[in-house]
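Observations on the three-dimensional arrangement
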Amino acid sequence: MSERLTVLKTYKLYVGGKFPRSESGRVYEVTDSKGNWLANAPLSSRKDARDAVVAARKAFGGWSGATAYNRGQVLYRVAEMLEGRRAQFVHEVADAEGLSKSKAAEQVDATIDRWVWYAGWTDKIAQVVGGGNPVAGPFFNLSSPEPTGVVAVLAPQKSSFLGLVSVLAPVIATGNTAVVVASENAPLPALSLAEVLATSDVPGGVVNVLSGRTAEIATPLAAHQDVNAMDLAGADEVLAKELEIAAADNLKRVLRPQPVDDWSAAPGTDRMTAFLETKTVWHPTGSLGASGSAY
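First things first, this report covers the structure right here in the doc. A quick note: this is a predicted structure, and the numbers were derived from the prediction, not measured. (Residues numbered from 1 in each chain as written. Predicted model: local features only at pLDDT ≥ 70, side-chain atom pairs only at ≥ 80, totals over all residues. Heavy atoms only, no water.)

By the element assignment, N208 lies in strand β7 (residues 207-210). As for N208 and T148, which are separated by 60 residues in sequence, their C-alpha atoms are 17 Å apart. Those residues in contact with N208, other than ones at most four positions away along the chain, are Y14, V15, G16, A52, A55, A56, A178, V179 and V180. Among the polar contacts listed, one links the side chain of N208 to the backbone nitrogen of G16, at a separation of 2.8 Å. (Helix = DSSP H or I, 4+ residues; strand = E, 2+ residues; numbered from the N terminus. Contact = heavy atoms within 4.5 Å. Polar contact = N/O pair within 3.5 Å; in protein donor to acceptor, adjacent residues only side chain to side chain.)

In structure tokens form, the structure reads like this:
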């Protein structure tokens with residue numbers, strides 16, 4: 001029996017529901033915690049970043065206009081598919097973060113649970129941050145949350161999968177679309193997550209995944225006039241300050257890096273509310289009958 005050659009996986013970007021190579025044609029070597037070669041990942045360019053923003057904007061209307069209940073169903077389907085590919089992600093997380101298989105399995109299980117958790121919040125967050133407001137006058141006054149728009153998400157550098165989902169899921173659960181910059185040194189779990197998203201019910205363009213040099217990709221995103229917000233979880237202090245200054249040009253919402261000791265800890269609702277706007281509507285109550293009584 002002749003010896004066969006292993007078929008190596010080609011990792012690609014995920015933009016607009018498709019898997020392009022980087023516009024520049026560049027790649028960079030990804031290694032494990034011991035320096036062993038794992039794969040060549042696409043080295044995204046400024047043009048790739050702009051293409052991802054265009055795709056995210058195109059998808060925003062349909063995704064934000066879907067019912068919250070429907071978004072929850074779609075996200076839960078992603079969790080089902082992650083469960084089916086659990087072994088693959090355990091292998092990739094173990095290599096990326098230098099963990100034992102058992103520790104990596106714990107991280108993957110926590111990641112899937114985190115995705116389910118946010119899927120369950122899609123039709124509940126409005127009741128937490130919205131509602132009726134008491135006013136002096138014959139009016140209904142109602143506040144309701146709405147998504148901010150296109151959000152650039154810099155994934156955490158050291159938590160390649162759990163940290164990634166912890167910053168991505170709340171963005172799309174609330175109706176935003178995302179351009180994700182994967183962990184620079186450990187991008188493979190993020191690029192594999194893109195394959196799950198592509199074969200799930202998440203519409204193309206809702207999530208776009210770029211790999212490469214974080215600073216090189218994030219700089220044009222911070223200055224882009226059609227990006228509405230940024231989560232700088234994967235930026236160091238120097239880069240975060242530069243991006244925040246650039247983001248001020250069109251008044252982007254910016255979530256600065258927060259120290260996270262344990263990504264598996266309960267996340268709360270902060271990352272969901274960080275990228276929500278509040279719409280308040282006033283409506284006259286009107287009068288009932290000849291007596292002039294009102295609601």
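What follows continues from the structure just given.
Let us look at the layout of surface pockets. Roughly 410 Å³ of internal volume is contained in the largest pocket. What lines the largest pocket is a set of 21 residues, and nearest its centre among them are P156, Q157, K158, A233 and W263. Of the residues assigned to the lining of the largest pocket, the class counts are 9 nonpolar, 7 polar and 5 charged. Taken together, 13 residues line the second largest pocket, and the ones lying closest to its centre are K9, Y11, L38, A39 and L188. Looking at the lining of the second largest pocket, the elements with two or more residues in it are β2 (37-42) and α3 (86-97). The class makeup of the residues in the lining of the second largest pocket is 6 nonpolar, 4 polar and 3 charged. (1 Å grid on protein atoms, 1.4 Å probe; cavity = no way out; pocket = protein on both sides within 12 Å on 5 of 7 lines; lining within 4 Å. Points joined across faces, edges and corners; volume = space filled by probe spheres on them. Nonpolar A, V, L, I, M, F, W, Y, C, P; charged D, E, K, R; others polar.)

What follows concerns the sheet that holds strand β9 (residues 253-255). The strand order across the open sheet formed by 5 strands is β7-β6-β5-β8-β9, and the pairing between neighbours is parallel. With partners counted over all chains shown, the strands left at the sheet margins are β7 and β9, one partner each. The sheet shows a mean angle of 15° between the axes of neighbouring strands, direction not considered. Two strands pair when backbone bridges link them, and strand β5 (residues 150-154) and strand β8 (residues 229-231) are joined in this way by 3 bridges, in the parallel orientation. Across the sheet, V151 pairs through a bridge with A229, a residue of β8. In the packing of helix α8 (residues 214-223) onto the sheet, contacts are made with β5, β6 (177-181), β7 and β8, and the angle to β6 comes to roughly 150°. (Pairing = 2+ DSSP bridges. Axes fitted to C-alpha atoms, helices over the stretch in contact; angles between N-to-C directions.)

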